[in-house]
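Chain by chain, the residues:
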Amino acid sequence: MKILVPIKRVIDANVRVHVKSDGSGVETANIKMAMNPFCEIAVEEAIRIKEAGHASEIIVITIGTSQCQDILRSGLAMGADRAILIETEAELQPLAIAKLLKAIVERQSPQLVILGKQAIDDDNNQTGQMLSALLGWAQGTFASKVVFNDGNVEVTREIDGGLETVSLQLPAIVTTDLRLNEPRYIKLPNIMKAKKKPLDILCPDDLGIDVNSRLKVLSIEQPAKRAAGIKLADVQELMDKLKNEAKVI
Amino acid sequence: MSILVIAEHDQQTIKPSTLHTLTAANLLGDDVKLLVAGSDCQAIATSATKISGVTTVLHADADHYAHQLAEELAPLVTSITDGVSHILAPATTFGKNLLPRVAALLDVAAISDVIKIESSDTFVRPIYAGNALATVQSSDPVKVITVRTTAFEAAAIDGGSATQESVTTSAPAGISTFLGHELTLSERPELTTARIIISGGRGLANADNFKRLEEVADKLGAAIGASRAAVDAGYVPNDYQVGQTGKIVAPDLYIAIGISGAIQHLAGMKDSKVIVAINKDEEAPIFEIADYGLVMDLFDFLPEFSTALDNL
């Protein structure tokens, strides 16, 4: 069984994001980029599934500029077998991404696609669900546990009230939540090995997919800042403020 | 044209998240249809006709809708989009699971986590964990939107007089099966709808200490939340997490106990009306957004606060 793991290159989770003053976006020049944390969890889960003997090959894929090869190499160094880059300068939205991934799924025939539940840049939380829809596959979103069982995959999902477990017919889509696993650290020899693993480059035209979006970003702005509050001396003063000033208790 | 809202319910009652979504729907148009899909959910559909601002309740009843699986609901939703300009659901795990699937089937974009409606085609949504706000304009024939519930008031559960219609059900997809759930049972209010939340962080140091928040929470009638650090450390279950990737809350009063204030936590609670922070580190970033800060050891604070609440 093959597993396809689509990943995304984003501003590193530890970098504080600054909005450009002209409202065109956020500062990305000379900013540290990294694999989206939820995508790292997806790669890790695929590797664990392969290590448990349920998969034979892991393909990592991303869609973006040629710089995105760095996160593909990270995925290969973690343990993926080969990589695909769909190279484009355009900033694509989830529906276009899902359409490109569908074309790749049709060529590569994986039985399982594992993705992060959301990217920490645009916070959309859409691509996995959209890809499931286009393929007509089952979806196990926000997974905190994935278990293989007789041609099905059982996914425990993090939902608002607690946990829910569903059984999905394969082929299926899984999207990862935070606590599915802890991604491994990449060891230096594996970085060297990753350089020798295959990395294919395609462009959207090769796949015959229209990636135009009907959703236009008009502006990106900084949210209104909360006014700084005051420091209080003791619990008594806090009680007084909550009761008489804020009137919330 | 009408606005279609997908009701989130637990087979017994409509969830408050639906009421907030209806308020957003009413900003987009007067003809608001509410889809109640479930198994044996006639009673919910009937009670939904009384919700203020709903014109028509669409009731779809079938065994395969019992657990609101996206694979089953998405074809149902796409079968009733004639004359619909907008499809809305709450940006809860229910709505986030379902609506992108619906959007892709309709070949349109999905717009996640909308916090403001500028016009019928222009919406504001947070990106980068709320560190930036994007204004987006859609030229799709149908706008598919999840609504951040804290950004819109709840519609009144009475005062309405909607008509009720049965909807032809879709054929079962049969590719996924509900096996079971473990829901966190609590006598306390639900996090996303609570008026007061008391939240704990890594400062509490262990699960036993975390329980000390319960006494204070009960005196306040508050829900209990947690930072990601506290959840990662195993003090409380995952569904306590407030933050970018957990729950987004906006109560009247949010009390942060031993929480430093990581960006991803602030993204989940910074729209609370009044924020109180208790932390022994006076440099903790949480103080930058707190209305009232108290630099104090939380283990000294909790008993004092508890006694003060008794004397209220």
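Please refer to the structure placed before this passage.
Bear in mind the structure is a predicted one, so any value in this text is a computation, not a measurement. (Residues numbered from 1 in each chain as written. Chains lettered and ligands numbered in written order. Predicted model: local features only at pLDDT ≥ 70, side-chain atom pairs only at ≥ 80, totals over all residues. Heavy atoms only, no water.)

## Section: the overall build of chain B
Turning to step 1, where the next piece is worked out: Scanning chain B from terminus to terminus reveals nine helices and 16 strands.
Turning to step 2, where the next piece is worked out: Here chain B has a C-alpha radius of gyration of 21 Å; the compact-globule value for 312 residues is 20 Å, and the two agree.
Turning to step 3, where the next piece is worked out: For chain B, the C-alpha atoms occupy an extent of roughly 60 × 40 × 40 Å along the three principal directions.
Turning to step 4, where the next piece is worked out: Counting the 312 residues in chain B, one finds 60% classified as buried.
Turning to step 5, where the next piece is worked out: In the structure as shown, chain B presents an accessible area of about 11800 Å², 48% of it carried by carbon and sulfur atoms.
Turning to step 6, where the next piece is worked out: Computed over 20 positive and 38 negative side-chain charges, the separation of the two mean positions in chain B equals 3 Å. (Helix = DSSP H or I, 4+ residues; strand = E, 2+ residues; numbered from the N terminus. Rg over C-alpha atoms; globule rule 2.2 N^0.38 Å. Buried < 20%, exposed > 50% of the residue type's maximum accessible area, 1.4 Å probe, protein only. Areas by Shrake-Rupley, 256 points an atom, 1.4 Å probe, with all protein chains shown as cover. Lys, Arg positive; Asp, Glu negative; His and termini not counted. Charge placed at Lys NZ, Arg CZ, Asp CG, Glu CD.)

## Some thoughts on the pattern of salt bridges
Turning to step 1, where the next piece is worked out: Summed over the entire model, instances satisfying the criterion amount to 29 salt bridges over all chains.
Turning to step 2, where the next piece is worked out: Among the ionic pairs, Asp81(A) bridges to Lys50(A), the shortest N-O distance being 2.9 Å. Of this pair, Asp81(A) sits in the loop between α2 (69-78) and β5 (82-87) while Lys50(A) is found in helix α1 (residues 37-51), placing the two residues 31 residues apart along the sequence.
Turning to step 3, where the next piece is worked out: Among the residues examined, Lys50(A) registers a relative accessible area of 27% and is labelled partly exposed.
Turning to step 4, where the next piece is worked out: Two residues, Lys116(B) and Glu118(B), come together in a salt bridge whose shortest N-O distance is 3.5 Å.
Turning to step 5, where the next piece is worked out: According to the relative accessible area criterion, Lys116(B) is partly exposed, its value standing at 44%.
Turning to step 6, where the next piece is worked out: Accessibility expressed as a relative area gives 43% for Glu118(B), which makes it partly exposed.
Turning to step 7, where the next piece is worked out: Via salt bridges that share partners, Glu44(A), Arg48(A), Glu51(A) and Arg184(A) belong to a single interconnected network. (Salt bridge = Lys/Arg side-chain N within 4 Å of Asp/Glu carboxyl O.)

## Quick notes on the packing of aromatic side chains
Any aromatic ring pair is given by two values, namely how distant the centres are and how the planes are angled relative to each other.
Turning to step 1, where the next piece is worked out: Evaluation of the coordinates by the stated rule reveals two aromatic pairs over all chains.
Turning to step 2, where the next piece is worked out: Relative to Tyr235(B), the ring of Phe210(B) has its centre 6.5 Å away and its plane inclined at 50 degrees; by these criteria the two rings are tilted. A residue pair is termed long-range when its members are at least 10 positions apart, and Phe210(B) in helix α5 (residues 207-210) and Tyr235(B) in the loop between α7 (228-232) and β14 (253-257) qualify at 25 residues.
Turning to step 3, where the next piece is worked out: Overall, the relative accessible area of 4% leaves Phe210(B) in the buried class.
Turning to step 4, where the next piece is worked out: Aromatic side chains Phe301(B) and Phe305(B) sit 4.8 Å apart centroid to centroid with 20 degrees between the ring planes, which places their arrangement in the stacked category. You can see Phe301(B) and its partner Phe305(B) sitting in helix α9 (residues 298-310), four residues apart, about one turn around the helix. Residues Phe301(B) and Phe305(B) agree in their burial class; the two are buried.
Turning to step 5, where the next piece is worked out: A cation over an aromatic ring shows up here: Lys117(A) above the ring of Phe142(A), its NZ or CZ 5.8 Å from the ring centre.
Turning to step 6, where the next piece is worked out: Cation over ring: Lys231(A) sits above Phe287(B), and NZ or CZ is 4.7 Å from the ring centre. (Phe/Tyr/Trp six-rings, centres within 6.5 Å; stacked < 30°, edge-to-face > 60°. Lys NZ or Arg CZ within 6 Å of the ring centre and 35° of its normal.)

## Observations regarding the nonpolar core
Soluble, globular proteins show a tendency: their nonpolar side chains are buried together.
Turning to step 1, where the next piece is worked out: Membership of the largest hydrophobic core comes to 54 residues, with the highest contact counts inside it found for Leu4(B), Ile6(B), Leu35(B), Ile87(B) and Leu98(B).
Turning to step 2, where the next piece is worked out: Ranked by the residues each element gives to this core, the list is headed by helix α3 (residues 94-108) of chain A, at nine residues.
Turning to step 3, where the next piece is worked out: In contact with Leu35(B), not counting residues within four places along its chain, are Leu4(B), Val5(B), Ile6(B), Ala7(B), Leu58(B), Ala60(B), Leu76(B), Val77(B) and Ile80(B). (Core = buried A, V, L, I, M, F, W, Y, C linked by side-chain atoms within 4.5 Å. Contact = heavy atoms within 4.5 Å.)

## Notes on the interface of chain A and chain B
Turning to step 1, where the next piece is worked out: Between chain A and chain B, the residue contacts involve 72 residues of the former and 85 residues of the latter.
Turning to step 2, where the next piece is worked out: In total, about 6600 Å² of surface goes out of reach between chain A and chain B, with carbon and sulfur atoms giving 56% of it.
Turning to step 3, where the next piece is worked out: Among the residues of chain A in contact with chain B, Asp160(A), Arg214(A) and Arg226(A) are the three that bury the most area, contributing 12% of the side total.
Turning to step 4, where the next piece is worked out: Applying the counting criterion to the chain A and chain B interface returns five salt bridges.
Turning to step 5, where the next piece is worked out: Close ionic contact of Asp291(B) with Arg226(A) constitutes a salt bridge, the shortest N to O distance being 2.8 Å.
Turning to step 6, where the next piece is worked out: At the boundary of chain A and chain B, one finds 49 residue pairs in polar contact (both at pLDDT 80 or more).
Turning to step 7, where the next piece is worked out: When contributions to the side of chain A that touches chain B are tallied by element, the ones reaching two or more residues are α3, α4 (127-135), β7 (138-149), β8 (152-159), β9 (162-169), β12 (215-221), β13 (230-232) and α7 (235-245) of chain A.
Turning to step 8, where the next piece is worked out: When residues in the side of chain A that touches chain B are grouped by element, the largest group, eight residues, is from β9(A).
Turning to step 9, where the next piece is worked out: Classifying every residue of the side of chain A that touches chain B by side-chain character gives 34 nonpolar, 17 polar and 21 charged.
Turning to step 10, where the next piece is worked out: Sheet topology note: the β13(A)/strand β16 (residues 292-295) of chain B ladder contains three bridges and is parallel. Bridge pairing links Ile230(A) to Tyr292(B) in β16(B). (Buried area = accessible area lost by both parts, 1.4 Å probe. Polar contact = N/O pair within 3.5 Å; in protein donor to acceptor, adjacent residues only side chain to side chain. Nonpolar A, V, L, I, M, F, W, Y, C, P; charged D, E, K, R; others polar. Pairing = 2+ DSSP bridges.)

## Quick notes on a nonpolar patch on the surface
Turning to step 1, where the next piece is worked out: A surface patch of nonpolar side chains, about 350 Å² in accessible area, is lined by Ile186(A), Leu188(A), Ile191(A) and Met192(A).
Turning to step 2, where the next piece is worked out: Tracing the chain through its elements places Ile191(A) in helix α5 (residues 188-196). (Patch = residues over 30% accessible without salt bridge, like charges linked within 9 Å, V, L, I, M, F, W, Y side chains within 5 Å.)

## Here's the deal with the packing of α7(A) against α9(B)
Turning to step 1, where the next piece is worked out: For the pair α7(A) and α9(B), interaxial distance at closest approach is 10 Å and the crossing angle is 45 degrees. Relative to α9(B), the element α7(A) lies oblique. Note that α7(A) runs across α9(B); the crossing there is right-handed. In this structure, α7(A) contributes Val235(A), Leu238(A) and Met239(A) to the contact, and α9(B) contributes Phe301(B), Glu304(B), Phe305(B), Ala308(B) and Leu309(B).
Turning to step 2, where the next piece is worked out: Each residue belonging to the contact of α7(A) with α9(B) can be placed in one class, and the counts come to seven nonpolar, no polar and one charged. (Axes fitted to C-alpha atoms, helices over the stretch in contact; angles between N-to-C directions. Parallel < 35°, antiparallel > 145°, perpendicular 65-115°, else oblique. Left-handed = near helix turned anticlockwise from the far one by under 90°.)

## Focus: the sheet that holds strand β6 (residues 116-117) of chain B
Strand pairs in the sheet, formed through backbone hydrogen bonds, run parallel or antiparallel to each other.
Turning to step 1, where the next piece is worked out: Read from one edge to the other, the open sheet built from four strands follows the order β12(A)-β8(B)-β7(B)-β6(B), with strand pairing classed as antiparallel. Only two strands of the sheet have a single neighbouring strand rather than two, namely β12 of chain A together with β6 of chain B.
Turning to step 2, where the next piece is worked out: Note: strand β7 (residues 122-127) of chain B against strand β8 (residues 132-138) of chain B, six bridges, orientation antiparallel. Bridged to Arg125(B) within β8(B) is Ala134(B).

## Re the environment of Ile111(B)
Turning to step 1, where the next piece is worked out: Examined against the element boundaries, Ile111(B) turns out to sit in strand β5 (residues 110-114).
Turning to step 2, where the next piece is worked out: Through-space distance from the C-alpha of Ile111(B) to that of Ser138(B) is 8.8 Å; in sequence the pair is 27 residues apart.
Turning to step 3, where the next piece is worked out: Residue contacts for Ile111(B): discarding those within four places in its chain leaves Gln126(A), Leu215(A), Phe123(B), Arg125(B), Val136(B), Ser138(B), Val144(B), Ile145(B) and Thr146(B).

## Comments concerning unusual backbone geometry
Turning to step 1, where the next piece is worked out: For the bond from Leu170(A) to Pro171(A), the omega torsion is 0 degrees, close enough to zero to count as cis.
Turning to step 2, where the next piece is worked out: Within the chain, Asn125(A) stands out as a residue other than glycine whose phi angle is a positive 60 degrees.
Turning to step 3, where the next piece is worked out: Locating Asn125(A) in the fold gives a position in the loop between β6 (112-116) and α4.
Turning to step 4, where the next piece is worked out: The residue Asp113(B) is not glycine, and still its phi comes out positive at about 60 degrees.
Turning to step 5, where the next piece is worked out: Note on placement: Asp113(B) falls in strand β5.

That is the geometry; function is a separate question.
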